[in-house]
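Take a look at the letters that make up each chain.
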Amino acid sequence: MADRMRNAVTSVTNVVFPPSKSATDPQQQHLMKSGLDYVSSLPLQMALYFNVFYYPLWLITCIVGLQAKYEALSVLYKIIIIAILVVMTVVEIIRLSLGYIGNLTEKVPELAGFWLLTLLLQTPLSLFLLLNEDTVILPLERAVHIILVIFVIFEVFMGYFAIRALVNHQVTKFHLQQFTNLEEISSEEYIQLQGGYRHEHRA
Amino acid sequence: MAVLNGLVPARFLTIVAHLVLIIVLFWSRGDNVQACLPKYYTNTEYERKDTQLIIGLSVSLGLFLLELIGFIGGLSMFLPTQGFISTFSHASAAVSLAYFIQDSWECDTFWYIFSFCSCLPAIVEIIIFMGVCCCNR
């Protein structure tokens, strides 16, 4: 049961983030260089940087807009919009900090967390705020939501490519590491190993 | 570079503020068009003024695109001159457009705002494009 789950998760991972063919081909390992010294994605970093500055502007506009149209909303949408705003506020902070740390320090788990939060939470929520006419969208809110949706969709695409590049780079480094570890055994250790082997052989 | 560290986000935010107000104007230009017509107006006059305002807003959006390509593409992101010109003009545009919407100014005054605050950064941006492409600066 656990094996089947693991196989399923592995196959899903291989479909969503397919390893590049050259990374899995054992013949090419010794030929391939590990590429750039850094694999952080510049477009993603720029998008995150500007998103961090844009976030307070969006938040204040949303809250002021909500306060202005609160009376005109039905009870259901009052609850829905307040819930969405609270969730988006918290998620955005977590998402942006994860993206920053993941991209700058080239850590895959943080970047993957950022990408999942962006894809699964921010995209539907921001599209909901932009496109659902029942929430009495003010023109000002329309404008700020359009810009937020552009940011979020751009980060989804750029995040995918960044994670793929990062994963390929780390797979390559890992494979190359295995070869360099063998070369680094010093000569004394080698003789010791050989001597020990001969001792055992005679005995 | 220490000066530029604050200039780049400031420039970005003023561009965004100006852009937001232009998009708002697309949806709420009714009061402004009515303000520049006489008390009793015909539908054709209204349509004419409305179309003029829409054209102005659309050209403004196009100039925005031009400037954003230069800014995000990196051509003019780290040039302090263009940074200051851009920040100043977009900030003044944002303030004037806020008054424009709030106080229902005449739609003809939009063209003044447009010429000083949208055209000026775009023209400087085009000059920078020429400089980068032709003279390899």
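Residues numbered from 1 in each chain as written. Chains lettered and ligands numbered in written order. Predicted model: local features only at pLDDT ≥ 70, side-chain atom pairs only at ≥ 80, totals over all residues. Heavy atoms only, no water.

1. As for the UniProt feature "transmembrane region" (unreviewed entry) in chain B
All names here are of chain B.
Link 1 in the chain: When the UniProt feature table is mapped onto this chain numbering, "transmembrane region" (unreviewed entry) sits at residues 6-27, 53-78 and 110-132.
Link 2 in the chain: The distance from the first to the last C-alpha atom of residues 53-78 is 34 Å, and the span holds 77% helix and 0% strand.
Link 3 in the chain: Between the first and last C-alpha atoms of residues 110-132 the distance is 32 Å; the span itself is 100% helix and 0% strand. (UniProt positions renumbered as here; feature names shortened; annotations may be inferred. Helix = DSSP H or I, 4+ residues; strand = E, 2+ residues; numbered from the N terminus.)

2. Observations concerning the packing of helix 3 (residues 42-69) of chain A against helix 4 (residues 75-104) of chain A
Residue and element names in this part refer to chain A.
Link 1 in the chain: Interhelical geometry of helix 3 versus helix 4 gives an angle of 170° and a closest axis separation of 10 Å. In terms of orientation, helix 3 lies roughly antiparallel with respect to helix 4.
Link 2 in the chain: Across the contact of helix 3 with helix 4, the residue classes tally to 17 nonpolar, 5 polar and 3 charged. (Axes fitted to C-alpha atoms, helices over the stretch in contact; angles between N-to-C directions. Parallel < 35°, antiparallel > 145°, perpendicular 65-115°, else oblique. Nonpolar A, V, L, I, M, F, W, Y, C, P; charged D, E, K, R; others polar.)

3. Comments concerning the state of the cysteines
Residue and element names in this part refer to chain B.
Link 1 in the chain: Within this structure, the stated rule accounts for 1 disulfide over all chains.
Link 2 in the chain: The disulfide that involves C36 links it to C107, with 2.3 Å between the sulfurs. Around the S-S axis, the bridge from C36 to C107 shows a dihedral of about 65° and counts as right-handed. With C36 in the loop between helix 2 (30-35) and helix 3 (43-72) and C107 in the loop between helix 4 (80-102) and helix 5 (109-135), this residue pair connects regions lying 71 residues apart in the sequence.
Link 3 in the chain: Relative accessible area serves as the criterion here: at 3%, C107 is assigned to the buried category. (Disulfide = S-S within 2.5 Å. Buried < 20%, exposed > 50% of the residue type's maximum accessible area, 1.4 Å probe, protein only.)

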